[in-house]
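# Reading the structure
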Amino acid sequence: MRPRKLLLKSLVSASLVSAIALTGSMSLMAQDEEPIRIGIALAQTSNVALLGQEQVIGAEIAEDFFNELGGVNGRPIELVFQDTAGDEQGAINAFQTLINNDNVVGIVGPTLSQQAFASDPLAEQAGVPVLAPSNTARGIPEIGDYIARVSAPVAVVAPNAVRAALEQNPDIQNVAVFFAQNDAFSVSETGTFQETVTAMGLNLVTVQQFQTTDTDFTTQATNAIALEPDLVIISGLAADGGNLVRQLRELGYEGAIIGGNGLNTANIFPVCQAFCDGIMIAQAYSPLVDSEINNAFREAYTALQEKNPPQFSAQAFAGVQVFVEALIALDNEVGLETLELADLRTQLNAQILAGEYDTPLGVISFTSEGEINQGTFYVAQIDMAEDGTGQFVLIGTYEAEPMAEGTPEATPEMEATAEATAAS
Amino acid sequence: MSVQNLLNGLAMGGVYAIFALGYTLVFSVLGVINFAHGAIFTLGAYFTFTLIGSQFGFNGLFARAQLPFALPFALATVLGAVLAGLIGVLIERLAFQPLRRRGADPLLTLVSSLGVGIVIVNLIQYLVGAEAYSYPAAILAGLPPSVRFDLPGGLVIVRTVQILIFVVSMLIVALMSYFINYTKTGKALRAVSEDPVTASLLGINTDRLIVFTFFLSGFLGGIAGTLIAMSVGIPNPYFGTTFGLKGLAVIVLGGMGSIPGAVVGGLTLGIVEAIVPPELVAYKEAIAFALLFVMLLVRPQGLLGRPLIQKV
């Protein structure tokens, strides 16, 4: 080869090699600083946002909180938000985008159990760990090996509300139950409430059904009031539940009211206004618990919102916290940079289930199925002031009964739904 | 059927009747269903909410927005209905007039109005979010929340706001009937609905009357929206759509184009829904449409409609 051509060739090769070396080292540096992406799939719009918005705030506080503490061994976390809106299709779309486009290591969400039965099977198929922050229906952890939850199931939480109601008024005898028959969580919760009512020797006078989309409950309310109940139990979501309470009170019902987890938000205050007063709600979180992490979380929340944090925010915070601490543990064990994304997701899932976490909800861990182990629960009662503002006042604290061996099995319908969705 | 069921049915029926009136008006004059009526109804409720100085929620372009003033509720309702009427006129200009000028098939007008309706409710969500809103309870200040009757068959309770809705609906129906039958404009409207070409040959300004019809229909829809929101709050921007579909059932039941028919149809539907047994309460809407289907088979002109006779 002629000398000039040889020189040119060497120069080109040398530049190529340097370029590759530079790019290689640049990408290594970028990897160290590249944030770890955690997906957040919550209802940021639609009526379900009455619940989802509190979760969004909790997650955002968690992002700042844990990044300030150093993230995952120096690497920051980045929460990627995808709006699920209020229905199953929205949740499916959000999950698909997070898993395939955003390449997240795991997902916190969705808001509703009804959505989870549709979207979680996708994450299961893709091998992406999901931490449900607020799915409390029966059968959620059983959807798959990658599905776990930080929200204690209705079977454990709901009965405490009935206990508290009886403590306030031991003369309660007749109970009327209302539930939204088109929502998986409400159907699950009402099952628990009805079992509890029967188990406590109370008289279940009627079970009335409605839809979460209903606005007029005159028929159901008058049917129930005619039977003179002392206690009404409502399993629905925020807007429908709030409206039902208002109409019951306007029609003259004066007895006690228990609201399920769907009414566990200050966002029902504008709906039932002064009529919200006195509603008892079983909760999986109390802002008053004195622990280091809860005090820090409460301070961060009150600095932003000027009021105590609600359960939905605390659970979303706990969801992010579990991911961060599991990532740290995994990084210490094997080093995250050695893992490809698919492998990382799988090992992260195993790490999540193996760990114990000191969260604002208390010290929690998971069963092998992904069900949460939580020690203490609470009951609050809504107190509405003259000026229309309201607050949840703690009226009782309950220790969890020891977990039975294994967790409640999924019903055949839920399994069929999960399979059908996975197949579609 | 108990007295309680009957009263529940009449209360709900009054709501359907007042909603169907606006529908019937446009249909009787133009021979088309205005599928945007549900959206106008929704707008009326939102306009009133804004005008009484309430604050919007955390979603939408106008998150946390609030007017710097607050009007008394009755005034806000009327003004809100006027605004809804103006939107009705706008819809006529956008969705109906261009197609009417071209002599297009009425089906196209129907589809066009459906499109406009969908755009409007989605625009509402975009602007102020989809959360639930309620009017402050103070608007019914001084009145007891419900009225109780001790009857031989048992205690019967009706919410005050439901009585209010029923009374207002019946009042509006009476006024509308008087207007249509005894005023000059009303007679002109009837002439246009009979035959627009002949009416215009006789010197009636059909275009202006059509605009007036849409304004009146929108005004009625706005009043209906506010009344219903007083009873059940504003659950989301799409709640008018369910009413829209049911309103269709009402006017078919009662007789399309007949104002008394809209009332009879509304009350009938309300009573039928109220006597549905508790276990089937989740299927109330299916029953409404089953009734519509049966009526179409048995008596297509509805309870009070005139059979269509085509002169050859």
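A brief look at the structure comes next.

About the criteria used
- Residues numbered from 1 in each chain as written.
- Chains lettered and ligands numbered in written order.
- Predicted model: local features only at pLDDT ≥ 70, side-chain atom pairs only at ≥ 80, totals over all residues.
- Heavy atoms only, no water.
- Buried < 20%, exposed > 50% of the residue type's maximum accessible area, 1.4 Å probe, protein only.
- Helix = DSSP H or I, 4+ residues; strand = E, 2+ residues; numbered from the N terminus.
- Pairing = 2+ DSSP bridges.
- Phe/Tyr/Trp six-rings, centres within 6.5 Å; stacked < 30°, edge-to-face > 60°.
- Axes fitted to C-alpha atoms, helices over the stretch in contact; angles between N-to-C directions.
- Parallel < 35°, antiparallel > 145°, perpendicular 65-115°, else oblique.
- Contact = heavy atoms within 4.5 Å.
- Nonpolar A, V, L, I, M, F, W, Y, C, P; charged D, E, K, R; others polar.
- 1 Å grid on protein atoms, 1.4 Å probe; cavity = no way out; pocket = protein on both sides within 12 Å on 5 of 7 lines; lining within 4 Å.
- Points joined across faces, edges and corners; volume = space filled by probe spheres on them.
- Expected span 1.5 Å × (residues − 1).
- Salt bridge = Lys/Arg side-chain N within 4 Å of Asp/Glu carboxyl O.
- Core = buried A, V, L, I, M, F, W, Y, C linked by side-chain atoms within 4.5 Å.

## As for the pairing of strand S1 (residues 36-42) of chain A
All names here are of chain A. Most of S1 sits inside the fold, with 6 of its 7 residues counted as buried. By the bridge criterion, 7 bridges tie S1 to strand S2 (residues 77-83) in an arrangement that is parallel. Looking at the pairing, Leu42 lines up with Asp83 of S2.

## Focus on the pairing of strand S14 (residues 376-384) of chain A
All names here are of chain A. Most of S14 sits inside the fold, with 8 of its 9 residues counted as buried. By the bridge criterion, 9 bridges tie S14 to strand S15 (residues 390-399) in an arrangement that is antiparallel. Counterpart to Phe377 in the pairing with S15 is Tyr398. Between S14 and S15, which follow one another and run antiparallel, lie 5 residues, and Gly388 among them has a positive phi close to 95°.

## Describing the packing of aromatic side chains
Under the defined criterion, the tally for this structure stands at 26 aromatic pairs over all chains. Among the aromatic residues, ring-to-ring pairing joins A:Phe65, A:Phe66, A:Tyr285, A:Phe297, A:Tyr301 and A:Phe317 into one connected group.

## Examining the packing of helix H6 (residues 184-194) of chain B against helix H8 (residues 206-232) of chain B
All names here are of chain B. Where H6 meets H8, the closest approach of the two axes is 10 Å, and the angle between their N-to-C directions is 105°. Looking at the two axes, H6 sits roughly perpendicular to H8. Every residue of H8 that contacts H6 at Thr185, Ala188, Leu189 and Val192 is listed here: Thr206, Leu209, Phe212 and Thr213. Of the residues contributing to the contact of H6 with H8, the split by class is 5 nonpolar, 3 polar and no charged.

## Things to note about empty space enclosed by the protein
Residue and element names in this part refer to chain A. Per the counting criterion, the structure on display carries 3 cavities of 30 Å³ or more. Taken as a whole, the largest cavity holds about 110 Å³ of empty space. Around the largest cavity sit 18 residues that line it, and Val157, Ala158, Glu189, Asn261 and Ala282 are the ones nearest its centre. Looking at the lining of the largest cavity, the elements that each hand over two or more residues are helix H5 (154-157), helix H7 (184-199), strand S10 (280-283) and helix H12 (311-334). Residues belonging to the lining of the largest cavity are distributed by class as follows: 9 nonpolar, 8 polar and 1 charged.

## A look at helix H5 (residues 160-182) of chain B
Working note: α-helix, 3.6 residues per turn, so residues spaced by three or four point in the same direction. Taking 1.5 Å of rise per residue, 23 residues should cover 33 Å, and H5(B) covers 33 Å from first to last C-alpha, within 8% of that figure. Listed as buried for H5(B) are B:Thr160, B:Val161, B:Gln162, B:Ile165, B:Ser169, B:Ile172, B:Val173, B:Met176, B:Phe179 and B:Ile180.

## Quick word on the pattern of salt bridges
Residues and elements named next belong to chain B. One pass over the full model with this rule turns up 8 salt bridges over all chains. A salt bridge links Glu92 to Arg100, with the shortest nitrogen-to-oxygen separation between them at 2.9 Å. On the basis of relative accessibility, which here comes to 0%, the residue Glu92 falls in the buried class. Arg101 is the partner of Asp207 in a salt bridge, and the nearest nitrogen-oxygen pair spans 2.9 Å.

## Quick word on the nonpolar core
Core analysis: the biggest nonpolar cluster contains 75 residues, and B:Ile91, B:Tyr135, B:Ile234 and B:Phe243 have the highest contact counts within it. Once you skip the residues sitting within four places of it in the chain, B:Tyr135 turns out to touch A:Gln273, B:Ala45, B:Thr48, B:Phe49, B:Ile52, B:Phe73, B:Thr226, B:Ala229, B:Met230 and B:Ile234. Residues A:Ile77, A:Ala148, A:Val162 and A:Ala314 belong to the second largest nonpolar core, which totals 67 residues.

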